[in-house]
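Below are the chains, spelled out letter by letter.
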Amino acid sequence: MNAPGVARLLRPCLGRRGLVLVLGLMAMQAPEPALAAKQDPAAVADAVRRAVAATVPANADIILGRVSGAQHMDACTQPLNVTVTGQEPYLQAAAACPAPAWRLYVSVTVDAKMAVVVVARPIPAGQSIQDADLALREEPLSLYAGRRVFYQPGEVTGSIAILTLSPGTIVTGSAVQRPFIVQAGQIIMVDVINGAVDLTLDARADQAGRLGDRIMVTNLSSGRHFQAALTASGAVVQLGR
């Protein structure tokens, strides 16, 4: 029975002062509304750790930032959805609860080592790099985060050192460049492929190019300009693509 109903029932028996006392006691004894359970930060940390572990090397140490903010969230009633963004070793994980809806961002540092190409002996700037100049060595990701590195010596062999490289230096894409295999003005043979038809013509390179580049060339017979791709087997034009 609610308080107004109790008041009507007891007023004839207790009088005004007694009624006020009884209602006051009832108010003091009224149960407090139950508080919603809060999220366990350890559960959030476990979910983030599992999601990150699926994207990094098996030997990586995963270091999480603060997850204590989870204790201010209502307890999630469904499995957390975790998305991982960024580039190793610095990542960010977003732990999202479907119900009740909330999202918590957690910074993640990945401490791992991978075998990368390093300099085995001094390489002067401008020198063509040979197999004997290189070695593989495990290095922490943090030493080359955000830079292009190489995982096999063959990816670097034949390149030209842009800078003087000391032994132990991690070889990065900014330190080397592929040599020019065609010089501007050079007469080259171009393989023109159109479906099953394959013919060869002589052309003059209008610009220098490295393996993998596309350069402008001029057909010596017609004077027509067109692009050719420089491949390991020579200059190629693929028609009909």
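Residues numbered from 1 in each chain as written. Predicted model: local features only at pLDDT ≥ 70, side-chain atom pairs only at ≥ 80, totals over all residues. Heavy atoms only, no water.

Side note on the confidence of the model for the chain
- Looking at the chain as a whole, the pLDDT averages 86, with 85% of positions reaching at least 70.
- Between the elements of the chain, mean pLDDT differs from a low of 54, seen in helix α1 (residues 3-29), to a high of 96, seen in helix α2 (residues 41-53). (pLDDT = per-residue confidence, 0-100. Helix = DSSP H or I, 4+ residues; strand = E, 2+ residues; numbered from the N terminus.)

Re the nonpolar core
- In terms of nonpolar packing, the biggest core is built from 29 residues, with Val 44, Val 48, Val 52, Val 108 and Val 110 touching the most fellow members.
- Looking at this core, the elements with two or more residues in it are α2, β1 (61-64), β3 (90-97), β4 (102-111) and β5 (113-119).
- Excluding residues within four positions of it along the chain, Val 108 makes contact with Val 48, Val 52, Ile 62, Ile 63, Leu 64, Pro 89, Tyr 90, Leu 91 and Ala 93.
- With 14 residues, the next largest nonpolar core counts Ala 203, Ile 215, Phe 226 and Ala 228 among its residues. (Core = buried A, V, L, I, M, F, W, Y, C linked by side-chain atoms within 4.5 Å. Buried < 20%, exposed > 50% of the residue type's maximum accessible area, 1.4 Å probe, protein only. Contact = heavy atoms within 4.5 Å.)

Some words on the environment of Gln 183
- Along the chain, Gln 183 falls in the loop between β9 (180-182) and β10 (187-194).
- Excluding residues within four positions of it along the chain, Gln 183 makes contact with Ala 205, Gln 207 and Ala 208.

A closer look at the pairing of β1
- Burial along β1 is one-sided: the residues Ile 62 and Leu 64 are buried and none of Asp 61 and Ile 63 is.
- Bridge analysis of β1 against β4 gives 4 bridges, and the strand direction is antiparallel. Residue Leu 64 lies in a different strand from β4, and its bridge partner there is Val 108. (Pairing = 2+ DSSP bridges.)

Things to note about the environment of Phe 226
- Within the secondary structure, Phe 226 sits in strand β14 (residues 225-231).
- Excluding its chain neighbours within four sequence positions, the residues that come into contact with Phe 226 are Val 190, Leu 201, Ile 215, Met 216, Val 217, Asn 219 and Val 237.

Some points on the layout of surface pockets
- What the largest pocket holds in volume is close to 180 Å³.
- Lining the largest pocket we find Val 192, Leu 201, Asn 219, Ser 222, Arg 224, His 225, Phe 226, Gln 227, Val 237 and Leu 239.
- When contributions to the lining of the largest pocket are tallied by element, the ones reaching two or more residues are β14 and β15 (234-239). (1 Å grid on protein atoms, 1.4 Å probe; cavity = no way out; pocket = protein on both sides within 12 Å on 5 of 7 lines; lining within 4 Å. Points joined across faces, edges and corners; volume = space filled by probe spheres on them.)

Digging into the pattern of salt bridges
- Applying the stated criterion to the full structure yields 3 salt bridges.
- In this structure, the salt-bridge partner of Lys 38 is Asp 74, at a minimum N-O distance of 2.9 Å. Highlighted residues: Lys 38 in the loop between α1 and α2 and Asp 74 in the loop between β1 and β2 (81-87), separated in sequence by 36 residues.
- The partly exposed category is assigned to Lys 38, whose relative accessible area is 45%. (Salt bridge = Lys/Arg side-chain N within 4 Å of Asp/Glu carboxyl O.)

A few points about the sheet that holds β15
- Strand order in this closed barrel of 5 strands is β10-β11-β13-β14-β15, and the pairing throughout is mixed. Neighbour-to-neighbour, the strand axes of the sheet open up by a mean angle of 50°, direction not taken into account. (Axes fitted to C-alpha atoms, helices over the stretch in contact; angles between N-to-C directions.)

Focus on the side chain of Glu 139
- With respect to the helices, strands and loops of the structure, Glu 139 is situated in strand β6 (residues 134-140).
- Residue classification places Glu 139 among the buried positions, given a relative accessible area of 9%.
- At a separation of 2.5 Å, a polar atom in the side chain of Glu 139 contacts the side chain of Arg 137.
- Setting aside chain neighbours within four positions, we find Glu 139 in contact with Ala 112, Lys 113, Met 114, Val 116, Val 118, Tyr 144, Gly 168 and Ile 170. (Polar contact = N/O pair within 3.5 Å; in protein donor to acceptor, adjacent residues only side chain to side chain.)

Points about the sheet that holds β2
- If you trace the 4 strands from one edge of the open sheet to the other, you get β1-β4-β3-β2, paired in antiparallel fashion. Two strands in the sheet have a free side with no partner beyond their single neighbour: β1 and β2. With direction set aside, neighbouring strand axes in the sheet form an average angle of 30°.

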